[in-house]
Amino acid sequence: MVRPSTTLHTELNISIRWTSACQEYKNALAIFHKCKYRCALDKLEYLVVQWMFELAKLGISGTGYKLKEKIGKAFKAHSVGIRSALEEYNKHAIALKPPQQKLTWELVIEATSLAELDLLRDTYLDIQNRQVMGLFFEIERAEEEIKCLNVEIRRLC
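Visitor: Where do I start with the overall build of the protein chain in this structure?
Guide: Each helix and strand counted, the protein chain has five helices and zero strands in total. Element order for the protein chain, N to C, with α for helix and β for strand: α-α-α-α-α. Every one of the 157 residues in the protein chain was classed for burial, and the buried ones make up 21%. A sequence separation of at least 24 residues applies to 59% of the contacts in the protein chain between residues at least 6 apart. With an accessible surface of roughly 12300 Å², the protein chain has 61% of that area assigned to carbon and sulfur atoms.

Okay, here's the thing in structure tokens:
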């Protein structure tokens with residue numbers, strides 16, 4: 001019986017198989033670990049931000065007792081989800097070369113605002129790049145607005 005991987009190697013004309021010593025294998029493994037790390041980071045960030053917004057709801061005056069009770073139950077569910085996402089994040093953070101800093105439950109819980117939570121530092125674009133992009137698009141919209149205003153000014157005169 002012919003193995004499916006052998007058939008695929010023949011069809012794709014692959015003559016050299018990667019081993020753990022090959023540089024291509026190491027590069028692919030690094031990309032794999034980085035992808036897993038970013039997915040874990042995204043999931044953790046999503047859960048923590050969601051948790052912080054629900055925490056903010058508790059402080060809103062006019063929130064009824066029943067809603068506060070439901071939010072309290074949601075906190076317990078989020079707590080379990082955040083802990084598992086944190087474990088997954090730390091597992092993938094260690095696998096990177098160089099390893100990323102491990103996060104602790106205390107660090108995540110002690111962050112009382114989105115500004116204090118520094119999870120965003122390792123995402124695809126750092127905050128400064130996002131700010132520069134925001135300014136760029138504001139300038140683009142301003143130039144478009146100037147063109148529209150020039151047309152309107154001519155029409156009104």
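Visitor: Sorry if this is basic, but what is going on with the nonpolar core here?
Guide: Where a protein is soluble and globular, its nonpolar side chains tend to be buried together. Core analysis: the biggest nonpolar cluster contains 17 residues, and Tyr37, Leu44, Val48, Ile82, Leu86 and Tyr89 have the highest contact counts within it. Counting only elements with at least two residues in this core, the list comes to helix H2 (23–58), helix H3 (65–95) and helix H4 (105–110). Examining the composition of this core, we find that eight residues originate from one element, H2, more than from any other.

Visitor: Which parts of the structure should I look at to understand a nonpolar patch on the surface?
Guide: Judged by side-chain polarity, Trp18, Tyr25, Leu29 and Phe32 come together as a nonpolar surface patch covering roughly 390 Å² of accessible area. Mapped onto the fold, Trp18 is located in the loop between helix H1 (4–11) and H2.

Visitor: Explanation requested: the pattern of salt bridges in the structure shown.
Guide: When charged atoms on two side chains of opposite charge get close, those side chains can pair. Counted under the stated rule, the structure contains two salt bridges. For Lys91, the salt bridge goes to Glu88, with nearest N and O atoms at 3.7 Å. You can see Lys91 and its partner Glu88 sitting in helix H3, three residues apart, about one turn around the helix. A salt bridge links Arg141 to Glu144, with the nearest nitrogen and oxygen atoms 3.2 Å apart. Of the two residues, Arg141 and Glu144 both sit in helix H5 (residues 127–156), three residues apart, roughly one turn of that helix. On the accessibility criterion, Glu144 (41% relative accessible area) is partly exposed.

Visitor: Would you take a moment to explain the packing of aromatic side chains for this structure?
Guide: What describes a pair of aromatic rings is the distance from one ring centre to the other and the angle between the planes of the rings. Tallied over the entire structure, the rule returns two aromatic pairs. For the ring pair Tyr37 and Tyr89, a centre distance of 5.4 Å and an interplane angle of 40° mean the geometry is tilted. Remark: Tyr89 occurs in helix H3 and Tyr37 occurs in helix H2; sequence separation between them is 52 residues. Taken as a pair, Tyr37 and Tyr89 share a single burial class, namely buried. Between Phe136 and Phe137 the ring centres are 5.2 Å apart and the planes differ by 70°, which places this aromatic pair in the edge-to-face class. For Phe136, a relative accessible area of 45% corresponds to the partly exposed category.

Visitor: Would you take a moment to explain unusual backbone geometry for this structure?
Guide: Trans is the common state for peptide bonds, and a negative phi is the common state for residues other than glycine. Across the junction of Lys97 and Pro98, the peptide omega takes the value -5°, indicating a cis bond. Looking at the secondary structure, you find Pro98 in the loop between H3 and H4.

Visitor: Sorry, what's going on with a positive patch on the surface here?
Guide: Residues Lys66, Lys70, Lys73 and Lys76 make up a contiguous surface patch of positive charge. Examined against the element boundaries, Lys66 turns out to sit in helix H3. Look at Lys66 and you get exposed, because its relative accessible area is 69%.

Visitor: I keep staring at the side chain of Asn90 and nothing clicks. Help me out?
Guide: Of note, Asn90 is situated in helix H3. For Asn90, a relative accessible area of 11% translates into the label buried. Beyond its immediate stretch of four places on either side in the chain, Asn90 contacts Lys102 and Leu103.

Visitor: Just to check I follow, could you spell out the confidence of the model for the protein chain for this structure?
Guide: As a general rule, the predicted coordinates of low-pLDDT regions are not to be interpreted in detail. When the pLDDT values of the protein chain are averaged, the result is 76; 73% of them are 70 or greater. Confidence scores differ between elements of the protein chain, with H1 showing the lowest mean pLDDT of 72 and H2 the highest of 83.

Calculation rules
Residues numbered from 1 in each chain as written. Predicted model: local features only at pLDDT ≥ 70, side-chain atom pairs only at ≥ 80, totals over all residues. Heavy atoms only, no water. Helix = DSSP H or I, 4+ residues; strand = E, 2+ residues; numbered from the N terminus. Buried < 20%, exposed > 50% of the residue type's maximum accessible area, 1.4 Å probe, protein only. Contact = heavy atoms within 4.5 Å. Areas by Shrake-Rupley, 256 points an atom, 1.4 Å probe, with all protein chains shown as cover. Core = buried A, V, L, I, M, F, W, Y, C linked by side-chain atoms within 4.5 Å. Patch = residues over 30% accessible without salt bridge, like charges linked within 9 Å, V, L, I, M, F, W, Y side chains within 5 Å. Salt bridge = Lys/Arg side-chain N within 4 Å of Asp/Glu carboxyl O. Phe/Tyr/Trp six-rings, centres within 6.5 Å; stacked < 30°, edge-to-face > 60°. Lys, Arg positive; Asp, Glu negative; His and termini not counted. Charge placed at Lys NZ, Arg CZ, Asp CG, Glu CD. pLDDT = per-residue confidence, 0-100.

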